[in-house]
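The residues making up each chain are set out below.
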Amino acid sequence: MFVSCIAPRIVGVISFSIILTYETYKSVVVRSWPLGIVYRLMQLIIISYFVGYVFLYERAYQVADTATESSVITKVKGFGRLNNAVMDVADYIYPPQGEGVFSIITKIIKTDNQFQGRCSEVTHLEQFTHVFSQCIITGACNTSAGYCEIEGWCPAEDDKVDIKPMPEFVNFTIYIKNTIRFPRFNVSRENFPSTKSIKNCTYDKNTDPFCPIFRVGYILDETQQNVTLLGGEIGINIEWRCNLDHNVNSCVPTYSFSKLDAPFQNASLSKGYNFRFAKYYKTEDGTDYRCLHKAFAVRFDVMVTGIARKFSLIPTVINVIAAVTSVGMGTVLCDLILLHCSKGAQYYKEKKFEEVSEEQIHESLTLKPGSQLSIRRGNSSCNDSGAVSLSTNC
Ligand SMILES: *[C@@H]1O[C@H](CO)[C@@H](O)[C@H](O)[C@H]1NC(C)=O
């Protein structure tokens, strides 16, 4: 009727009449309990998916912030004994600034008083073509002894000596000070409450899970790292999962430990972790000499990950709308069954789709001017809601 008021009649132009149609929906109530069960079951599945998974499990009513700002400061404490000398923090921590990535040296092979010059190599002749060789070969070789001459810092380092790592290493403690900020919610947290005394605590995942002081031996046990194995890389993971709809004090970290170099475990080359550094001195006549250290170390890497969630109106509204719309999906399946798979499919189709053309309206208007539009077909039984009621029994 609306169209007939504002637009001229387009009748006879077939191509237009196909495009220019308007579909409106009328309700057909099908009294069939199998179809009713399917329909309600579909609705139940969709509702429970949205309530259970989308809202309760995935928390779609919240927004998340993973772009965290975090800082880590570490401090290691403990004394060890190596090569008959007592080692303190300044001797075994590298680098000394207390960063999130640091190495604890467990064993050092020292080569004292190296001067520039020529001397005999330490490694045996046949191994000497090795790409990892440290020196320049002069070419002069003592074939009877099986050694060649090298040019560089002499005497050459002999790293085949057997030195035991510091046994006290396992009793060292690592103190980790970690702060994290979630900029989206402007919430900052630290990894231990400033009110709590942490002087005498040691981390234990069961008895003291919030203490920021870790015994190295405990970490090695947790990663199943063999203490006698030299070198290695250990990750200390600090994970923040915060639901800021709850009290902010329940936003606390959890710690876990992992062995980062596990893939190299069975590699024959580059096993463990070591590096070299030298200390340089001058003799009285001005000649440089140095003391070379080959350090075997365990490298620690403190990694911080965080996610904070908080209620937000926009995702809530969007997801509620998606849920409500999806409940209507039940009708799609039921329509498929009703119109294609049921016994009276043809009958239902006739009831469901009805065409009204403007000629019919005009006919009915000219026949009974002033009367309401009446549909000529399918006016079998109308209840007061205006819906046509069908029964599968008939
Ligand atoms: C580590 O500390 C414990 C307790 O203080 C001590 O019994 C143990 O001997 C220490 N281990 C080493 C290797 O020093």
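Keep in mind it's a predicted model, so treat the numbers as computed, not measured.

Moving on, we come to the pairing of strand β11 (residues 187-190). Only one face of β11 is covered, namely the one carrying Val-187 and Arg-189; the face carrying Ser-188 and Glu-190 has none of its residues buried. In terms of strand pairing, strand β10 (residues 173-182) meets β11 through four bridges, oriented antiparallel. Considered in β11, the bridge of Phe-182 is made with Val-187. Hairpin connection, β10 to β11: the antiparallel pair is bridged by four residues, and Asn-186 has positive phi, about 55 degrees.

What follows deals with the UniProt feature "binding site: ATP" (unreviewed entry) in the protein. UniProt records the feature "binding site: ATP" (unreviewed entry) at Lys-75, Val-76, Lys-77, Thr-173, Asn-274, Phe-275, Arg-276 and Lys-294, using the numbering of this structure. Among the structural elements, Thr-173 can be located in strand β10. The class for Thr-173 is partly exposed, based on a relative accessible area of 23%. Contacts of Thr-173, omitting those with residues within four sequence positions, involve Lys-75, Val-76, Lys-77, Ile-213, Phe-214 and Arg-215. Along the chain, Asn-274 turns up in strand β15 (residues 274-282).

Nonpolar side chains collect at one region of the surface, where Phe-311, Leu-313, Val-317 and Ile-321 lie side by side and expose about 390 Å² of accessible area between them. Among the elements that line the nonpolar patch, the one with the most residues is helix α6 (residues 313-327), at three residues.

What counts and what doesn't
- Residues numbered from 1 in each chain as written.
- Predicted model: local features only at pLDDT ≥ 70, side-chain atom pairs only at ≥ 80, totals over all residues.
- Heavy atoms only, no water.
- Buried < 20%, exposed > 50% of the residue type's maximum accessible area, 1.4 Å probe, protein only.
- Helix = DSSP H or I, 4+ residues; strand = E, 2+ residues; numbered from the N terminus.
- Pairing = 2+ DSSP bridges.
- UniProt positions renumbered as here; feature names shortened; annotations may be inferred.
- Contact = heavy atoms within 4.5 Å.
- Patch = residues over 30% accessible without salt bridge, like charges linked within 9 Å, V, L, I, M, F, W, Y side chains within 5 Å.
- Areas by Shrake-Rupley, 256 points an atom, 1.4 Å probe, with all protein chains shown as cover.
- Salt bridge = Lys/Arg side-chain N within 4 Å of Asp/Glu carboxyl O.

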